[in-house]
Amino acid sequence: MRLLHALGGDARRCLIVDDEPAMRTVLRRLMAAEGFACAEASSGAEAVAILERESFPLVLSDFHMPELNGAELLAIIRQRWPRTAVLMVTAVSDVNLAVRCLEGGALDYLTKPFTTEEVRARVLQALEKRRLLLDNEAYRTTLEERVAQQSHKYEELFVAALQSLADALEVKDSYTWGHSTRVSRYAMAIARELRLDPELLDQLEFGSRLHDIGKIGVRESVLNKSGPLTEAEYAHVMEHPVIGWRLLAPLMRDMPVALAVVRSHHERFDGHGTPDGLSGADIPLAARITAVADSFDAMTSGRPYRDGMAVEDAVAELKRCAGTQFDPQCVHAFEQALASSAIPRLDWRVQRKVTLQIVA
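The rules behind the values
Residues numbered from 1 in each chain as written. Predicted model: local features only at pLDDT ≥ 70, side-chain atom pairs only at ≥ 80, totals over all residues. Heavy atoms only, no water. Helix = DSSP H or I, 4+ residues; strand = E, 2+ residues; numbered from the N terminus. Expected span 1.5 Å × (residues − 1). Buried < 20%, exposed > 50% of the residue type's maximum accessible area, 1.4 Å probe, protein only. Arc of directions from axis to C-beta. Phe/Tyr/Trp six-rings, centres within 6.5 Å; stacked < 30°, edge-to-face > 60°. Lys NZ or Arg CZ within 6 Å of the ring centre and 35° of its normal. Axes fitted to C-alpha atoms, helices over the stretch in contact; angles between N-to-C directions. Parallel < 35°, antiparallel > 145°, perpendicular 65-115°, else oblique. Left-handed = near helix turned anticlockwise from the far one by under 90°. Contact = heavy atoms within 4.5 Å.

Asks: Lay out helix 2 (residues 21-33) with the relevant residues and their values.
Replies: For helix 2, which comprises 13 residues, the first-to-last C-alpha distance of 18 Å matches the rise-based estimate of 18 Å (1.5 Å per residue) to within 8%. Buried within helix 2 are the following residues: Met23, Arg24, Leu27, Leu30 and Met31. The arc that holds the buried residues of helix 2, viewed along the axis, is 135 degrees, so those residues lie on one side. Those residues of helix 2 that are exposed and aimed more than 90 degrees away from the buried face are Ala22, Arg29 and Ala33. In the segment just after helix 2, Gly35 is the residue with positive phi, at about 90 degrees.

Asks: Provide a residue-level description of the packing of aromatic side chains, including the pertinent values.
Replies: Two descriptors summarise a pair of aromatic rings, namely the distance from one centre to the other and the angle between the planes of the rings. This model, assessed by the stated rule, comprises three aromatic pairs. On the basis of an interplanar angle of 80 degrees and a centroid distance of 5.4 Å, the ring pair of Tyr186 and Phe296 is categorised as edge-to-face. Pair noted here: Tyr186 is in helix 7 (residues 179-193) and Phe296 is in helix 13 (residues 285-300), with a separation of 110 residues, a long-range link. For the pair Tyr186 and Phe296, a shared accessibility class is recorded, and that class is buried. A ring pair is formed by Tyr186 and Phe334, whose centres lie 6.5 Å apart and whose planes are at 85 degrees; its orientation type is edge-to-face. Within this pair, whereas Tyr186 is found in helix 7, its partner Phe334 is found in helix 15 (residues 328-339), the two being separated by 148 residues in sequence. No difference in accessibility class separates Tyr186 from Phe334, as the two residues are buried. Through a chain of ring-to-ring contacts, three or more aromatic side chains come together here, namely Tyr186, Phe296 and Phe334. Just above the ring of Phe56 sits the side chain of Arg13; from NZ or CZ to the centre is 4.4 Å. The lysine or arginine in question, Arg263, covers the ring of Trp245, its NZ or CZ lying 4.5 Å from the ring centre.

Asks: Describe the environment of Ala11, naming the residues involved and giving the relevant values.
Replies: Mapped onto the fold, Ala11 is located in the loop between helix 1 (2-7) and strand 1 (13-17). Between the alpha carbons of Ala11 and Ser55 there is a distance of 10.0 Å; along the sequence they are 44 residues apart.

Asks: Now, about the packing of helix 3 (residues 44-53) against helix 4 (residues 70-80): what can you tell me, with residues and values included?
Replies: The geometry of helix 3 relative to helix 4 is characterised by a closest axis approach of 10 Å and an angle of 15 degrees between their N-to-C directions. Looking at the two axes, helix 3 sits roughly parallel to helix 4. Between helix 3 and helix 4 the crossing geometry is right-handed. Contact with helix 3, carried on its side by Gly44, Ala47, Val48, Leu51 and Glu52, involves Leu73, Ile76, Ile77 and Arg80 of helix 4 and no other residues of that element.

Structural measurements only, silent on function.
Written as structure tokens, this is what we have:
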């Protein structure tokens, strides 16, 4: 029963490796008496060839062999078939070699001459060590999966909390209600036209959803002003990319692309933007994409002091500013997404009204 438990459901199969036929015969008979089906190899090289075709829970290997000795065979098995237990067979005078093999990964050793009881005890001990190693490996794998699942749950809660914060910010201003959601949708459509890497898409979606989070630091009197902003008020509003970046940086160290969107979505392609005066390809691509999406939604959305533009007029303005304010490639991708309905044409009359009503 201990042997069955030690095998952990694996078949009773072993590979006997020895260049002496008589020794292989002795070991085969002893192992067969324990119910093992045995394969034989006369050299380390032959053993490797057999292992490439079949799997064995146990290998009994002599140390002194031509071509490939026991230590070399052990190293190969440990590297290629780490779930196979190796039991070294040595002469009494080679005990130090056997100890070195234990250090190299052998699970036990037999010294010649040996008795039936010695073989049984050493085999059982080696297989129990193997079972313990496999159980530990399975436990580590399960633990890593559980930690990953828990980490994913915490990440989802974190994202949900930040998105709730973004929604709460928009509730303060009925004129921008849904702005971040729309900008994220437009940005993702542009990114898909550009065939961005999936990992970049994930961070772009997150960053564009939170791009205006820094407006939490903008005075409500300025945010909800019913007329055009003064120069000083505009400068105050344009502090929001840095405010948002500072708020999120400690929480999103592993999401640099998303952070770049928050900080750089008001940079201009010609270098006259804010906050860092970046230009061209120095502006992160995700931020260039978000700039187009953000501007389109701003132009087509109503404000207390103006109606929103028609879609066609907003697209014309994007094209006019391509190469100065916007990345031409991103503007072109936006046009393609709009033409293919990847960006849905909603009832833009609702967007263009001077006053929007939120219905509970």
